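For reference, the chains in residue letters:
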Amino acid sequence: MRALIMLLGLLATAPVFADAMRCGSRLVRDGDTQTAVRDICGEPSDVQSRSIMRRPSYFLNGRYYYFGDAVVEVPVEVWTYNFGPYKLMRRVRFVDGLVEEIETLGYGYNVEGN
């Protein structure tokens with residue numbers, strides 16, 4: 001009985017959004033587009049671009065669905081947001097234009113000239 005209560009307690013404390021980022025009063029989460037993130041959070045401090053090879057897929061209801069056996073080149077961009085020295089920086093990874101991962105980094109820094 002004690003184990004069941006502990007298990008229920010752990011489930012109740014699970015985060016609702018595992019990968020999410022707050023910009024002001026709005027939330028960015030997995031599956032959002034680059035345009036939506038730019039509208040919500042503004043321009044990133046740094047952008048890195050590359051590509052990966054993967055099976056064709058589509059994103060529906062928060063999940064990726066893969067089809068076919070061929071591989072295609074998919075663009076990947078990593079945006080870094082520096083919110084200043086008193087807030088944590090965030091790294092947002094876009095695959096094929098959609099948020100796939102949001103990572104929390106260390107504290108930000110002051111930008112020279114500001």
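Rules behind the numbers
Residues numbered from 1 in each chain as written. Predicted model: local features only at pLDDT ≥ 70, side-chain atom pairs only at ≥ 80, totals over all residues. Heavy atoms only, no water. Pairing = 2+ DSSP bridges. Helix = DSSP H or I, 4+ residues; strand = E, 2+ residues; numbered from the N terminus. Axes fitted to C-alpha atoms, helices over the stretch in contact; angles between N-to-C directions. Buried < 20%, exposed > 50% of the residue type's maximum accessible area, 1.4 Å probe, protein only. Arc of directions from axis to C-beta. Contact = heavy atoms within 4.5 Å. Phe/Tyr/Trp six-rings, centres within 6.5 Å; stacked < 30°, edge-to-face > 60°. Core = buried A, V, L, I, M, F, W, Y, C linked by side-chain atoms within 4.5 Å.

Trainee: Even after reading the chapter, I still don't get the sheet that holds strand S8 (residues 98-107), so can you show me in this structure?
Mentor: Where strands meet in a sheet, backbone hydrogen bonds hold them as pairs that are either parallel or antiparallel. Within the open sheet, the four strands sit side by side as S3-S6-S7-S8. Their pairing is antiparallel. Looking at which strands have only one partner, the edges of the open sheet turn out to be strand S3 (46-54) and S8. Taking the axes of each pair of neighbouring strands and ignoring which way they run, one obtains an average angle of 20° across the sheet. For S3 and strand S6 (residues 72-81), the ladder comprises nine bridges, and the chain directions are antiparallel. Residue Ser-51 lies in a different strand from S6, and its bridge partner there is Pro-75.

Trainee: What exactly am I supposed to notice about helix H2 (residues 34-41) here?
Mentor: Along an α-helix, a turn takes 3.6 residues, which lines up residues three or four apart on a common side. Of the positions making up H2, those classed as buried are Val-37, Ile-40 and Cys-41. Down the axis of H2, the buried side of the element spans an arc of 75°, and every buried residue falls inside it. In H2, the exposed residues that point more than 90 degrees away from the buried face are Thr-35 and Asp-39. The inward-facing, buried residues of H2 abut strand S1 (20-23), strand S2 (26-29), S6, strand S7 (88-95) and S8. Positive backbone phi, approximately 85°, marks Gly-42, located one or two places after H2.

Trainee: Would you mind going over unusual backbone geometry with me for this structure?
Mentor: The general pattern is negative phi for most residues beyond glycine and trans for most peptide bonds. The backbone of Asp-96 shows a phi angle near 55°, a positive value even though the residue is not glycine. Take Asp-96: it is sitting in the loop between S7 and S8. The exposure class of Asp-96 is exposed, given its relative accessible area of 53%.

Trainee: Would you mind going over the packing of aromatic side chains with me for this structure?
Mentor: Geometry of an aromatic ring pair is reported as the spacing of the ring centres plus the angle between the planes. Applying the stated criterion across every chain, the model contains three aromatic pairs. Here Tyr-81 and Phe-83 contribute two aromatic rings whose centre-to-centre distance is 5.8 Å and whose plane-to-plane angle is 5°, an arrangement assigned as stacked. Residue classification places Phe-83 among the partly exposed positions, given a relative accessible area of 31%. Cluster of aromatic residues (ring-pair linked, three or more members): Trp-79, Tyr-81, Phe-83 and Phe-94.

Trainee: For this particular structure, what's the right way to read the nonpolar core?
Mentor: Taken as a class, soluble globular proteins show a tendency for nonpolar side chains to be buried jointly. With twelve residues, the main nonpolar core is built from Met-21, Cys-23, Val-28, Val-37, Ile-40, Cys-41, Trp-79, Tyr-81, Val-92, Phe-94, Val-99 and Ile-102. The set of elements that each furnish at least two residues to this core consists of S1, H2, S6, S7 and S8. In terms of residue count, the dominant contributor to this core is H2 (three residues). If we ignore the near neighbours within four places in the chain, the residues touching Met-21 are Arg-26, Leu-27, Val-28, Cys-41, Tyr-81, Phe-83, Arg-90, Val-92 and Ile-102.

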